[in-house]
Amino acid sequence: MGYTPEMKELIKRVEATRAERIERTRRGEYFTPMTLDERADVLKKFHPDYMDEGRRAVKLGPNKGDVYPEEIVDLFEAYPRLHPDQVDCSVLPTYTTDVLVVGGGGGGTAAALLAAENGAKVILATKLRHGDANTVMAEGGIQGADHEVDSPYFHFIDTLGGGHFTNRPYLLAALTRDAPLVIAWLEKLGMMFDKRPDGRMLVRHGGGTSRKRMHSAGDMTGSEIMRVVRDEARNRRDDIEIMEFSAAVEILKDAKGRACGALMYNLETEEYFVVRSRAVVLATGGNGRLHIQGFACTNHYGATADGLVLAYRAGVPMDFLHSTQYHPTGAAYPEQNVGLLITEKVRGLGANLLNIKGEQFVFEREPRDVESAAIIRECAERGLGIRTPVGRLGVWLDSPMIEELEGPGSVERELPAKYMQFIRYGIDIRTEPMLIYPTLHYQNGGIKIDQNAETGVPGLYAAGETTGGVHGENRLMGNSLLDILVFGRRAGVNAAAYVKSLGGDLGEPKLDHVRDYIRELEAAGVERTRISPMLLPDYTTDDVRQRQLTACYVGTMR
């Protein structure tokens, strides 16, 4: 398939300016970064987080009155999948453990491993397969200050600046302090990091970093992390039981308000069951599949914000949930790749962003939100985007520069996954640029936690993308894989310690908090038109929906 003849003509403008841009890069000359005022201006005018449209205040719950994207508010202003009066925990199939971990990505698996290492029996429940998570979608790298001329101090400062100085300092301190420990832990587990010929770790810059501290495994860093933590967890069968296709739909509490397990739903048999535990860790990932403001996304199929709903109904406030990360470089062409993440590593290796004239318009290592806003401005206000055959807009990411700057074979060596994902559609990114546009990538905000991953509800912990605060209002590259592992590990350690500290048994599991939440919904006048958690996205188109005349399931057919 490849590019259309019209797009190939436009690529000639990119090729015409490439030699001069490569020479400037070799001389260490870059496009001028924006000032703080310029950054603030472009964010205010073009970043989706700063638009009033598509956002509204929540009518109920711990964050009543806060303004979030409508897609998130819809989940909070929705009724449970089951009314508590329909649930008798004493007759449902019941499993018992010390720590229930909800979520089978990197954060949940790290929590399970550390809880088990600290003496707890663990059930890890995930609604898809173990490892189906945003972790495996992460490409470019993981930050960790473990080289000379770097330290957790510089990592802290860089991340604070990237988050526009809004990050929770106590979470950021935990993130940056634990980072070298996490890198060493991963290598001990067998992770194949990129290394120099002398065996030292290969580190690179990411957007917003003052030191090279980005560790990687090609452009499949998250997949490699998931490989080692998943294998480790599944090799500990005596202590960690894995439940796949099992979604949590409500947190269970005892009469003292302590978390004591979850009401679960088997997606294969459609049966409900109970896991009773002495502590619960929520590591359910992000919300990309809500497609906020209609953006394409980089997330896996199960990223539907389930943990937010469970925690919110249990009385846990949210932190920074108004903030969403739109990754600057998502694929805009071909149609089969739309939304696909193009790792920041491509820009780190030297590729320029170019408009329809083949001209640079932004420094390639601005913070992600600023970079995204600048791309939207180039297309929407200046009219200098490239239009695809179906009408999408994008700008060029000049990947062939990498072959010139890093030597022949660099693209296949450094970006093997990206090379394969484009060559299958007739686009050779060694010789042709990629067309990109911002894509919904990461849930900056979420469940409020402290540095021990505690939520404020006794026995309820949370870790990873479902939480908020560590990144403030913007996340730097390489801090998400670090976040899930730092706080996953902390959640596991602290949940195990909490279990040991409990005297006697917990009380009978109850859903009184859900009953109270329903009363709030009714008092707020919320109609019974939605249920949550969503569990899986619905991509039924409007015209198909109009022909789905049966409103409920009859047997196995709708």
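Our structure is the block above this text.
Predicted, not measured: the structure shown is a model, and the values here were computed from it.

Visitor: So what exactly am I meant to see when it comes to the sheet that holds strand 13 (residues 272-276) here?
Guide: One open sheet holds the four strands; their spatial order is 4-13-12-11, and the pairing between them is mixed. Lying at the two open borders of the sheet, with one neighbouring strand each, are strand 4 (94-96) and strand 11 (246-253). When the angles between neighbouring strand axes are averaged without regard to direction, this sheet yields 25°. As paired strands, strand 4 and strand 13 are joined by three bridges and run parallel to one another.

Visitor: Looking at this structure, I do not really get the packing of helix 2 (residues 36-46) against helix 10 (residues 368-380). What am I missing?
Guide: The packing of two helices is summarised by the inter-axis angle and the distance between the axes. Helix 10 packs onto helix 2 with a crossing angle of 60° between their chain directions and a minimal axis gap of 9 Å. Taken together, the axes of helix 2 and helix 10 lie oblique to each other. Here helix 2 and helix 10 pass one another in a crossing that is left-handed. Of helix 10, the residues touching helix 2 (which contributes R39, V42, L43 and F46) are D369, V370, A373, A374, I376 and R377.

Visitor: Can you walk me through the sheet that holds strand 21 (residues 446-448) in this structure?
Guide: Pairing between the strands of a sheet is mediated by backbone hydrogen bonds and can be parallel or antiparallel. Taking strand neighbours across the sheet as the criterion, the three strands line up as 15-21-23 in an open arrangement whose pairing is mixed. Here the strands that pair on one side only, and so sit at the sheet edges, are strand 15 (318-319) and strand 23 (467-468). Two elements, strand 15 and strand 21, share two bridges in a ladder whose sense is antiparallel. Bridge pairing in strand 21 links D319 to G446.

Visitor: Teacher, can you tell me more about the pattern of salt bridges here?
Guide: A pair can form between side chains of opposite charge whenever their charged atoms are brought close. Using the criterion set out here, one finds 47 salt bridges in the structure. Residue R129 is joined to D132 by a salt bridge in which the shortest nitrogen-to-oxygen separation is 2.8 Å. Two residues, R276 and E508, come together in a salt bridge whose shortest N-O distance is 3.6 Å. Of this pair, R276 sits in strand 13 while E508 sits in the loop between helix 14 (479-501) and helix 15 (512-523), and the two are 232 residues apart along the sequence. For R276, a relative accessible area of 26% puts it in the partly exposed group.

About the cut-offs
- Residues numbered from 1 in each chain as written.
- Predicted model: local features only at pLDDT ≥ 70, side-chain atom pairs only at ≥ 80, totals over all residues.
- Heavy atoms only, no water.
- Pairing = 2+ DSSP bridges.
- Helix = DSSP H or I, 4+ residues; strand = E, 2+ residues; numbered from the N terminus.
- Axes fitted to C-alpha atoms, helices over the stretch in contact; angles between N-to-C directions.
- Parallel < 35°, antiparallel > 145°, perpendicular 65-115°, else oblique.
- Left-handed = near helix turned anticlockwise from the far one by under 90°.
- Contact = heavy atoms within 4.5 Å.
- Salt bridge = Lys/Arg side-chain N within 4 Å of Asp/Glu carboxyl O.
- Buried < 20%, exposed > 50% of the residue type's maximum accessible area, 1.4 Å probe, protein only.

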